[in-house]
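Report on the structure
For reference, the chains in residue letters:
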Amino acid sequence: MVYNGHDGKAIKNKIQNGGYKMSCESYDYKCWRCGKVLTISSKYTPVNRVFCEECKDKHIEERESLVKEYTQYKIKVMHENALRVLEKAMCYMYEFQVASQVILEDALNRPEKYNSSHEMAVAIYLESEGYYFEINYKILNYRVDFYIPDLKVCLEIDGALHNHRRKYDNRRDIAIRNELGQDWEIVRIPTKFIEQNPYKIADAIKALRNEKIKYRKENLGIITESFSNREKEHYETILDCE
């Protein structure tokens, strides 16, 4: 309930203006930060929180600091979960120690680039293998999870959501290849395969790229929906999944 120093009733004020008397209502509101009572005259009730002049700038500073602190905690939790993905897959973690720190520092400096623990796990792996890559890279009006020029591949890490947006993904992939060149491929790897064998990520990217090139030659340059089933078979073969 809005605080009012007059038992919830408006304070009626008469304002002289050019010989005419105008009626407006004044209400008392508490500053959200310090509790100081502020009297505001207006025919409209304030929608946003009310702050006194002394608290307004401090509130903005505190909010920015809180958002930054939250973002850093979010990135650190994401990083920890990424390491858990690698650990659960029985990876030798000492092999990723340096790369892990590099990716963590990058994520803290560019938090908008990292969207999930699986993406971060892949970034750690690619960094450990010495690949140059850009994460969350913009191409046209789209963003790809990984832009890897060494392999001429845009890598997408697909969760369950992508099973319901294949038509959109296909149109998007065509537009991206038209922009980058026909020697580029968009490779998609589901998160569950990353969880099962992270060591095979590079092999999977290369093999799936080659398979898409072969499939295009067989189908006049077109990737049909039936390719998804062949893709799944290659995941299982390359990543040694059952």
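Attention in this report is confined to the structure presented alongside it. Quick caveat, the model's predicted, so the values are computed rather than measured.

One open sheet accounts for four strands, arranged S4-S5-S6-S7; its pairing is mixed. In this open sheet, the two strands that pair with only one neighbour each are strand S4 (134-139) and strand S7 (185-190). In this sheet, neighbouring strand axes are inclined to one another by 45 degrees on average, regardless of whether the strands run parallel or antiparallel. Both S4 and strand S5 (residues 142-148) contribute to a ladder of five bridges, which runs antiparallel. Note on S5: the bridge partner recorded for Tyr137 is Val144. Against the sheet, helix H4 (residues 166-180) engages S4, S5, strand S6 (153-158) and S7, with an angle of about 60 degrees to S5.

Throughout the structure, instances matching the rule amount to six aromatic pairs. Between Tyr92 and Tyr94 the ring centres are 6.3 Å apart and the planes differ by 55 degrees, which places this aromatic pair in the tilted class. The exposed category is assigned to Tyr92, whose relative accessible area is 52%. Look at Tyr147 and Trp184: their rings are 5.1 Å apart centre to centre, the planes differ by 10 degrees, and that puts the pair in the stacked class. Note that Tyr147 is positioned in strand S5 and Trp184 in the loop between H4 and S7, a separation of 37 residues in sequence. On the basis of relative accessible area, Tyr147 is assigned to the buried category, the value being 15%. Its relative accessible area of 6% is what places Trp184 among the buried residues. The rings of Tyr137, Tyr147 and Trp184 are connected pair by pair, giving a single aromatic cluster. Its guanidinium or amino end placed over the ring of Trp32, Arg49 lies 5.7 Å from that ring's centre, counting from NZ or CZ.

This next bit is on the pattern of salt bridges. Scanning the entire structure with this criterion turns up 14 salt bridges. A salt bridge links Arg33 to Glu62; the shortest N-O distance between them is 2.7 Å. Placement of Arg33 in the loop between strand S2 (20-30) and strand S3 (37-41) and of Glu62 in helix H1 (residues 53-88) is noted, with a sequence separation of 29 residues between them. Arg33 gets classed as partly exposed once you look at its relative accessible area, which sits at 37%. Given the relative accessible area of 42%, Glu62 is considered partly exposed. Notably, a salt bridge pairs Glu54 with Lys36, separated by 3.9 Å at the nearest N-O pair. Of the two residues, Glu54 sits in helix H1 while Lys36 sits in the loop between S2 and S3, which places them 18 residues apart along the sequence. Classification of Lys36 as partly exposed rests on a relative accessible area of 41%. Here the salt bridges do not stand alone but share partners, grouping Glu156, Asp158, Asp169, Arg172, Asp173 and Arg188 into one network.

Thresholds applied
Residues numbered from 1 in each chain as written. Predicted model: local features only at pLDDT ≥ 70, side-chain atom pairs only at ≥ 80, totals over all residues. Heavy atoms only, no water. Pairing = 2+ DSSP bridges. Helix = DSSP H or I, 4+ residues; strand = E, 2+ residues; numbered from the N terminus. Axes fitted to C-alpha atoms, helices over the stretch in contact; angles between N-to-C directions. Contact = heavy atoms within 4.5 Å. Phe/Tyr/Trp six-rings, centres within 6.5 Å; stacked < 30°, edge-to-face > 60°. Buried < 20%, exposed > 50% of the residue type's maximum accessible area, 1.4 Å probe, protein only. Lys NZ or Arg CZ within 6 Å of the ring centre and 35° of its normal. Salt bridge = Lys/Arg side-chain N within 4 Å of Asp/Glu carboxyl O.

So far we have only geometry, and geometry alone does not tell us how the molecule works.
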